[in-house]
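Listed below are the residues making up each chain.
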Amino acid sequence: MASVDKNEMMTGEEYLSSLDDGRDVLIYGQKVRNVTTHKAFRNSAYSISRLYDALHNSDSQEILTDIDPDGYRTHRYFMPSKSAKDLLKARDAIAHWAKLTYGFMGRTPDYKAGFTATLRSTPEIYGSFSDNALSWYRKSARKVLFLNHVLVNPPVGRAKNVSDMRDIYLHVEKETDAGIIVKGVKMVATSAAISNATFVAQNSAAYYEKGREEDFALCFIVPMNSPNLKIICRKSYELAALSPFDNPLSSRFDENDSVLIFNDVFVPWENVLIYRDIERARNFYSVSGFLNRYPLQSGTRLAVKMDLMCGLFANVLKSNGSDQFRGVRSHLADIVAIRNLMWSLTDNLCQNPEKRDDGSVIPKLDAATTVRYFSTQVMSQLKPIFNTILGGSPIMQVSSWLDIENTEIRPLIDCYYQGTDQSAIERQKLIKLLWDALGSEFAGRHELYEHNYAGNHEQIRLDMLKHCEATGIMDQCNDLVSQCLSDYDLSGWVDNGWRFDPNNIETL
């Protein structure tokens, strides 16, 4: 076995230092000099740095890391898995990281590892760029690089041909001996401001016409400080947070979503994976195994988030004094059932995998597409329960921690804002956490985020159906119907063991 001292994984401090690289981040009309110190990003960046520190901590390194095929220590999900046992260990590593952000940071470094690990398993699918695939696997795994991705064209001109949107959609503008120059815009780059590089490709549902639109059929990776790459951020929930007491989640786990504008960005050939190849640009998602792997990260992270939600609802109900009411408990059970479903689905992803040509294993696609389907519905199912069983409880909260510090009204708050067998401060702390998770603007973004996490609602369903048709699952379902239909005809049962008396109807 290779020596375990081949460890190049970034520490938390090294990760934070890597972000001070001159990248062009813009928010509120200003360029951010350093995201690690700016009030809109600093706590989120620090939250990610804690994940990197956990890679090196003696109490978590065994859970989080292993030695990859090249002999380097890396996060378990950054390397290909060789068995169902390996996948389960990778799931537990994902869960350990997710617990550090309570499931509220979804595009953490292990998300894109669902793809970069496949660069080691199937580099050949990138043809003449296969060496680039292996090189980026090594860069990613050894440092545990934080990649974001942008796949979607902006929501404009959707009814037009892609070639008619050349002034907006990302495309190759010029080819040189050293690389390509690309121009256009892509969305949505979650956590782009605090990641190391961006993975750029086309949405798997996009259609490109051969002979006309090859300039759009690209796949490449570039550092976030690439010249002429602009990172345009939405408003910062972290900056808007009043205090840790008032905004315990949004003040530190805001994955700022960005639009990336490539204004003649140079991409060296060594960073290119697919170039002007429509078939590869469409098919690499499924061929690479990324569609099989990423739901393990997203499903596990959501399962951890559901652990928090179950506990939150249970604690608030207890504070309300309604936790033993039969009807209330039945609604709490609905939430627990969603939690159990997500954890069971992640078990299923690991326990019966399919083998790749290189000997590695990935979750079966029917299991992966099922996680993808149910994950989009979780928050939408939570919200009605939240509204139904809690009523106005979440609204009865002070405006901020400053009200509690006010000596004039503090006695009133202590008296009238208390919970059942719970002080007013404990009650308010709990309610503020619940509101940040389900009622705030930050929570609203998370509901939208979870709903669209895996793509548009039709494509999620159609991809699952298409796979079930292609692999014979629908044939099995149809055959069972045919078998049932063959049991009988107008004359009665084909198997005479079942009894039918045609005179029965006359005796009714």
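The structure presented is a predicted model; accordingly, all values stated were derived computationally and were not measured.

How each quantity is defined
Residues numbered from 1 in each chain as written. Predicted model: local features only at pLDDT ≥ 70, side-chain atom pairs only at ≥ 80, totals over all residues. Heavy atoms only, no water. Pairing = 2+ DSSP bridges. Helix = DSSP H or I, 4+ residues; strand = E, 2+ residues; numbered from the N terminus. Axes fitted to C-alpha atoms, helices over the stretch in contact; angles between N-to-C directions. UniProt positions renumbered as here; feature names shortened; annotations may be inferred. Phe/Tyr/Trp six-rings, centres within 6.5 Å; stacked < 30°, edge-to-face > 60°. Buried < 20%, exposed > 50% of the residue type's maximum accessible area, 1.4 Å probe, protein only. Lys NZ or Arg CZ within 6 Å of the ring centre and 35° of its normal. Patch = residues over 30% accessible without salt bridge, like charges linked within 9 Å, V, L, I, M, F, W, Y side chains within 5 Å. Areas by Shrake-Rupley, 256 points an atom, 1.4 Å probe, with all protein chains shown as cover. Salt bridge = Lys/Arg side-chain N within 4 Å of Asp/Glu carboxyl O.

1. A look at the sheet that holds strand S12 (residues 272–275)
Link 1 in the chain: Spatial strand order, S5-S8-S9-S12: four strands in an open sheet with mixed pairing. Two strands in the sheet have a free side with no partner beyond their single neighbour: strand S5 (147–150) and S12. Neighbour to neighbour, the strand axes of the sheet diverge by 20 degrees on average, direction disregarded.
Link 2 in the chain: Taken together, the four bridges between S5 and strand S8 (residues 197–200) define a ladder with parallel strand orientation. Each bridged residue has a counterpart across the sheet, and for leucine 147 the counterpart in S8 is alanine 197.

2. Thoughts on the UniProt feature "domain: HpaB/PvcC/4-BUDH N-terminal" (unreviewed entry) in the protein
Link 1 in the chain: Mapped onto the present numbering, the UniProt feature "domain: HpaB/PvcC/4-BUDH N-terminal" (unreviewed entry) falls at residues 11–274.
Link 2 in the chain: Taken end to end, residues 11–274 is 27% helix and 24% strand, and its two terminal C-alpha atoms sit 32 Å from one another.

3. What about the packing of aromatic side chains?
Link 1 in the chain: Applying the stated rule across the entire model yields 22 aromatic pairs.
Link 2 in the chain: Ring centres 5.9 Å apart and planes at 65 degrees place the aromatic pair tyrosine 111 and tyrosine 294 in the edge-to-face group. Here the residue tyrosine 111 occupies a position in helix H5 (residues 109–116), and tyrosine 294 occupies one in helix H10 (residues 290–320), the gap between them amounting to 183 residues.
Link 3 in the chain: With a relative accessible area of 5%, tyrosine 111 lands in the buried category.
Link 4 in the chain: Through successive ring pairs, a cluster of aromatic residues spans Tyr111, Phe115, Phe199, Phe284, Tyr285, Phe290 and Tyr294.
Link 5 in the chain: Over the face of the ring belonging to tryptophan 136 we find lysine 139, whose NZ or CZ atom lies 4.3 Å from the ring centre.

4. Some points on a nonpolar patch on the surface
Link 1 in the chain: Residues Val481, Leu485, Tyr488, Trp493, Trp498 and Phe500 make up a contiguous nonpolar surface patch of about 640 Å² in total accessible area.
Link 2 in the chain: Checked against the element boundaries, tryptophan 493 lands in strand S16 (residues 492–493).

5. Notes on the sheet that holds strand S10 (residues 229–233)
Picture the strands of a sheet paired through backbone hydrogen bonds; they go either parallel or antiparallel.
Link 1 in the chain: Strand order in this open sheet of six strands is S2-S1-S10-S11-S7-S6, and the pairing throughout is mixed. Lying at the two open borders of the sheet, with one neighbouring strand each, are strand S2 (30–32) and strand S6 (171–175). Here the strands of the sheet are splayed against their neighbours by 20 degrees on average, with no regard to which way each runs.
Link 2 in the chain: In this structure, strand S7 (residues 179–190) lies alongside strand S11 (residues 257–268), joined through 10 bridges in antiparallel fashion. Looking at the pairing, alanine 189 lines up with serine 258 of S11.

6. Here we look at unusual backbone geometry
Link 1 in the chain: Of note, the bond from methionine 187 into valine 188 is cis; its omega dihedral lies within 30 degrees of zero at -10 degrees.
Link 2 in the chain: Mapping valine 188 onto the fold places it in strand S7.
Link 3 in the chain: Unusually for a residue other than glycine, serine 191 sits at a positive phi of about 65 degrees.

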